[in-house]
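If you want the building blocks of each chain, they are given just below.
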Amino acid sequence: MSDALIVIDVQNDFCPGGALAVAGGNDIVPGLNALMAEFSAVILTQDWHPAKHSSFASQHAGKAPLEMIDMPYGPQVLWPDHCVQGSDGAAFHPALDTARADLIIRKGYNPAIDSYSAFFENDHTTPTGLEGYLRNRGIDSLTMAGLATDFCVNFSAVDAAKLGFKVRVRQDLSRGIDLDGSLAAALDGMAASGVSLD
Ligand code: VGL
Ligand code: ZN
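None of the values given here were measured: they were computed from a predicted structure.

*Asks:* Could you give me a rundown of the overall build of the chain, with the residues and numbers involved?
*Replies:* For the chain, the count of helices and strands is 4 helices and 8 strands. The secondary structure elements of the chain, listed N-terminal to C-terminal, are β-α-β-β-β-β-α-β-α-β-α-β. Taken over the C-alpha trace, the chain has a radius of gyration of 16 Å; the compact-globule value for 198 residues is 16 Å, and the two agree within 12%. Going through the 198 residues of the chain one by one, you find that 53% of them count as buried. Contacts spanning at least 24 positions in sequence make up 72% of the contacts within the chain whose residues lie at least 6 apart. Total accessible area computed for the chain in this model is approximately 8,200 Å², and 53% of it derives from carbon and sulfur atoms.

*Asks:* Describe in detail the packing of helix H3 (residues 149-162) against helix H4 (residues 182-192), supporting the description with residues and values.
*Replies:* Where H3 meets H4, the closest approach of the two axes is 10 Å, and the angle between their N-to-C directions is 10°. Classed by the angle they form, the pair H3 and H4 counts as roughly parallel. The interaxial crossing formed by H3 with H4 has left-handed handedness. Side by side, H3 and H4 meet where Thr-149, Asp-150, Phe-151, Asn-154, Ala-157 and Val-158 of the first sit next to Ser-182, Leu-183, Ala-186, Leu-187, Gly-189 and Met-190 of the second. Each residue belonging to the contact of H3 with H4 can be placed in one class, and the counts come to 7 nonpolar, 4 polar and 1 charged.

*Asks:* Describe the coordination of the zinc ion (ligand 2), listing the residues and the values that go with them.
*Replies:* Protein coordination at the zinc ion (ligand 2): the donors are Asp-47 (OD), His-49 (NE2) and His-82 (NE2), at 2.0 to 2.2 Å from the metal. Of note is the zinc ion (ligand 2), whose 4 donor atoms meet at the metal with angles of 87 to 169° in an arrangement that counts as irregular. Read in sequence order, the donor residues for the zinc ion (ligand 2) give the motif D-x1-H-x32-H. Taking the relative accessible area as the measure of exposure, Asp-47 reaches 2% and is therefore buried. Take His-49: its relative accessible area is 0%, and that puts it in the buried class.

*Asks:* How would you summarise the nonpolar core if you had to cite specific residues and measurements?
*Replies:* Among the nonpolar cores identified, the biggest contains 57 residues, and Leu-96, Phe-119, Leu-130, Leu-134, Leu-142 and Met-144 are the most heavily contacted of them. Sort the elements by how many residues they give to this core and H3 lands first, with 7 residues. Apart from residues lying up to four places away in sequence, Met-144 is in contact with Ile-6, Phe-119, Val-153, Ser-156, Ala-157, Ala-160, Val-167, Arg-168, Val-169 and Arg-170. Counting residues in hydrophobic clusters, the runner-up holds 6 residues, among them Met-71, Tyr-73, Leu-78 and Ile-113.

*Asks:* Run through the site of ligand 1, naming residues and quoting values.
*Replies:* Close contacts around ligand 1 come from Asp-9, Phe-14, Leu-20, Asp-47, Trp-79, His-82, Tyr-116, Leu-147, Ala-148, Phe-151 and Cys-152, and that covers them all. Within the contact set of ligand 1, an oxygen atom lies 2.7 Å away from a side-chain nitrogen or oxygen of Asp-9. With respect to ligand 1, the backbone of Ala-148 contributes an N or O atom lying 3.0 Å from an oxygen atom. About the coverage of ligand 1: the protein hides 100% of its 260 Å² of free accessible area. When the residues that make up the shell around ligand 1 are grouped by side-chain class, the tally is 8 nonpolar, 1 polar and 2 charged.

*Asks:* Which residues make up the sheet that holds strand E1 (residues 2-8), and what values do they have?
*Replies:* Read across the sheet, 6 strands follow the order E5-E2-E1-E6-E7-E8 without closing on themselves; strand pairing throughout is parallel. The open sheet has two edge strands, strand E5 (103-107) and strand E8 (196-197), and neither has a second partner. As paired strands, strand E6 (residues 139-147) and strand E7 (residues 166-175) are joined by 6 bridges and run parallel to one another. Bridged to Ser-141 within E7 is Lys-166. Across the face of the sheet, helix H1 (residues 29-36) comes into contact with E1, strand E2 (41-47), E6 and E7 while running at roughly 160° to E1.

What counts and what doesn't
- Residues numbered from 1 in each chain as written.
- Chains lettered and ligands numbered in written order.
- Predicted model: local features only at pLDDT ≥ 70, side-chain atom pairs only at ≥ 80, totals over all residues.
- Heavy atoms only, no water.
- Helix = DSSP H or I, 4+ residues; strand = E, 2+ residues; numbered from the N terminus.
- Rg over C-alpha atoms; globule rule 2.2 N^0.38 Å.
- Buried < 20%, exposed > 50% of the residue type's maximum accessible area, 1.4 Å probe, protein only.
- Contact = heavy atoms within 4.5 Å.
- Areas by Shrake-Rupley, 256 points an atom, 1.4 Å probe, with all protein chains shown as cover.
- Axes fitted to C-alpha atoms, helices over the stretch in contact; angles between N-to-C directions.
- Parallel < 35°, antiparallel > 145°, perpendicular 65-115°, else oblique.
- Left-handed = near helix turned anticlockwise from the far one by under 90°.
- Nonpolar A, V, L, I, M, F, W, Y, C, P; charged D, E, K, R; others polar.
- Donors = N, O, S within 2.8 Å, 3.2 Å for Na, K, Ca; no water.
- Tetrahedral: all angles 85-135°; square planar, octahedral: opposite > 155°, others 65-115°.
- Core = buried A, V, L, I, M, F, W, Y, C linked by side-chain atoms within 4.5 Å.
- Near = heavy atom within 4 Å.
- Polar contact = N/O pair within 3.5 Å; in protein donor to acceptor, adjacent residues only side chain to side chain.
- Pairing = 2+ DSSP bridges.

So this is what it looks like as structure tokens:
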């Protein structure tokens with residue numbers, strides 16, 4: 001069995017100057033590029049929303065970004081419009097070494113359901129296909145890093161651990177949004193799920 005590096009959502013909109021900028025999001029790029037050399041498999045994820053995605057505050061009258069809403073699948077944070085399919089904001093950070101990727105997995109393309117996790121949409125049941133890909137390749141151990149620690153890295157790591165993968169998160173190569181204590185909660189949740197936090 002072998003291990004893979006999964007680089008989560010290192011896209012322009014999550015970096016300074018982007019629509020949903022994560023502080024220091026760009027700082028992790030050189031370290032991520034260097035880390036890729038240590039893995040036989042490198043997978044990138046890309047947040048990839050249609051223009052009128054239901055996670056955008058702009059689609060809900062009277063709602064502002066970072067307010068909550070109840071969706072049929074549960075509570076959902078409303079975000080500024082970000083990572084719209086084909087936009088510059090959805091592109092990977094220009095310095096990220098995308099040439100090393102064996103697979104790029106896109107998520108969040110269903111207009112009605114957000115998808116923080118690289119494995120399941122936010123209904124926690126609709127799969128993205130990543131689990132099957134990893135199992136077909138005999139990959140059982142995952143290292144994750146990227147943006148944002150408390151949303152897409154967190155949901156991906158917890159889902160992977162629940163699916164039985166051995167999971168490490170590189171905190172030093174991840175950056176968080178930290179909305180109302182979400183970063184501390186995410187770190188607690190990942191640890192409780194058996195994710196090792198480096
Ligand atoms: C993310 C909020 C909305 C992430 C994606 O990559 O962590 N966060 N969409
Ligand atoms: Zn998104």
